[in-house]
Amino acid sequence: MASMYGHAKQLIFVFSMILSAGLAAGAFAQSAEEQAVLAPIHAMFDGMAKRDAAAIKAPTLPGGGMVLMRDGKPAQMTFEAFAERVGKPGTTQIEERIHDPLVRIDNDLAVVWAPFDFLVDGKVDHCGTDLFNMVRVDGKWMIASVADTGTKNCSAK
């Protein structure tokens, strides 16, 4: 009886591990459509890393803008102003990375919610959450607006 109980316990453990692995893989797997929604975000980040104003603006909807929350206060700017600010030549290397994005799509609208890290010269400068509102125009996803939180209180990464 005891060995039967031990065997059942092992089976339950094995099945729970398989189920957990499957759920974890499914939670982070992205469909082709989700990847298409994320592509303009990564293109903007690439433009930022290259300090290329035109590349920063390319995946954005003309007239769109940003709200950057800093110390509980919103700083608003157009994509144009952001691209000009970040697109200026500089000696520091910058990189923004998102993690485990949550993507929701309804026809030609999508939203992406993701934790981010912003690195300066390879070290985390600030972090928070990015929120992207996306629209599909002529079959192509574009960034309509961005909001983010930003804090210097980031765990070491």
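Please refer to the structure higher up on the page.
Residues numbered from 1 in each chain as written. Predicted model: local features only at pLDDT ≥ 70, side-chain atom pairs only at ≥ 80, totals over all residues. Heavy atoms only, no water.

Colleague: Mind showing me how you'd approach the overall build of the protein chain here?
Modeller: Within the protein chain, the regular secondary structure consists of four helices and seven strands. N-terminal to C-terminal, the α/β element order of the protein chain is α-α-α-β-β-α-β-β-β-β-β. Burial status across the protein chain gives 29% buried among its 157 residues. For the protein chain, the share of sequence-separated contacts (at least 6 apart) that also reach a separation of at least 24 residues comes to 52%. Summing over all exposed atoms, the protein chain offers an accessible surface of approximately 9,900 Å²; the carbon and sulfur share of this is 60%. (Helix = DSSP H or I, 4+ residues; strand = E, 2+ residues; numbered from the N terminus. Buried < 20%, exposed > 50% of the residue type's maximum accessible area, 1.4 Å probe, protein only. Contact = heavy atoms within 4.5 Å. Areas by Shrake-Rupley, 256 points an atom, 1.4 Å probe, with all protein chains shown as cover.)

Colleague: Please explain unusual backbone geometry as it appears in this structure.
Modeller: For residues that are not glycine, phi is negative in most cases, and the peptide bond is trans in most cases. The backbone of aspartate 100 sits at a positive phi, close to 45 degrees, despite the residue not being glycine. You can see aspartate 100 is positioned in the loop between strand S3 (94-98) and strand S4 (102-106). Its identity as a non-glycine residue notwithstanding, asparagine 107 has a phi of 55 degrees, on the positive side.

Colleague: Just to check I follow, could you spell out the packing of aromatic side chains for this structure?
Modeller: Each aromatic ring pair is described using two quantities: the centre-to-centre distance and the angle formed by the ring planes. Evaluated as defined, the whole model comprises one aromatic pair. Where phenylalanine 45 meets phenylalanine 132, the ring centres are 6.2 Å apart and the plane angle is 65 degrees; that geometry is what we call edge-to-face. Residue phenylalanine 45 is found in helix H2 (residues 32-50), and its partner phenylalanine 132 is found in strand S6 (residues 123-137); the two are separated by 87 residues along the sequence. (Phe/Tyr/Trp six-rings, centres within 6.5 Å; stacked < 30°, edge-to-face > 60°.)

Colleague: How do you make sense of the pattern of salt bridges when you look at a structure like this?
Modeller: Note that side chains of opposite charge can pair when their charged atoms are close. If you walk through the whole model with that rule in mind, you get six salt bridges. Among the salt bridges present, the one from lysine 57 reaches glutamate 80, with a minimum N-O distance of 3.1 Å. Placement of lysine 57 in helix H3 (residues 53-57) and of glutamate 80 in helix H4 (residues 79-86) is noted, with a sequence separation of 23 residues between them. Note on glutamate 80: relative accessible area 44%, which makes it partly exposed. Each of Glu33, Asp108 and Arg136 takes part in one network of salt bridges that share partners. (Salt bridge = Lys/Arg side-chain N within 4 Å of Asp/Glu carboxyl O.)

Colleague: I tried to follow the environment of aspartate 138 on my own but got confused; where do I start?
Modeller: Here aspartate 138 shows up in the loop between S6 and strand S7 (140-150). Take aspartate 138: its relative accessible area is 81%, and that puts it in the exposed class. Aspartate 138 sits 30 residues away from aspartate 108 along the chain, and the two C-alpha atoms are 9.7 Å apart.

Colleague: Before we go on, may I ask you to explain the nonpolar core in this structure?
Modeller: Soluble globular proteins tend to bury their nonpolar side chains together. Counting residues in each nonpolar core, the largest one holds 28 residues, and the members touching the most others are Ile41, Met48, Val112, Phe132, Met134 and Ile143. At the level of secondary structure, the elements contributing two or more residues to this core comprise H2, H3, strand S1 (60-70), H4, S3, strand S5 (109-120), S6 and S7. Ranked by the residues each element gives to this core, the list is headed by H2, at six residues. Non-local contacts of isoleucine 41, meaning those with residues more than four positions away in its chain, are made with Ile98, Val112, Phe132, Met134 and Ile143. (Core = buried A, V, L, I, M, F, W, Y, C linked by side-chain atoms within 4.5 Å.)

Colleague: So what exactly am I meant to see when it comes to the pairing of S1 here?
Modeller: Each regular strand displays side chains that alternate between the two surfaces of the sheet. Bridge count for S1 against S7 is seven bridges, and the pairing is parallel. Its bridge partner being in S7, glycine 65 is matched across the sheet by serine 145. Note: S1 against strand S2 (residues 73-78), six bridges, orientation antiparallel. Each bridged residue has a counterpart across the sheet, and for methionine 66 the counterpart in S2 is methionine 77. Connecting the antiparallel pair S1 and S2 is a turn made up of two residues, with aspartate 71 showing a positive phi of about 55 degrees. (Pairing = 2+ DSSP bridges.)

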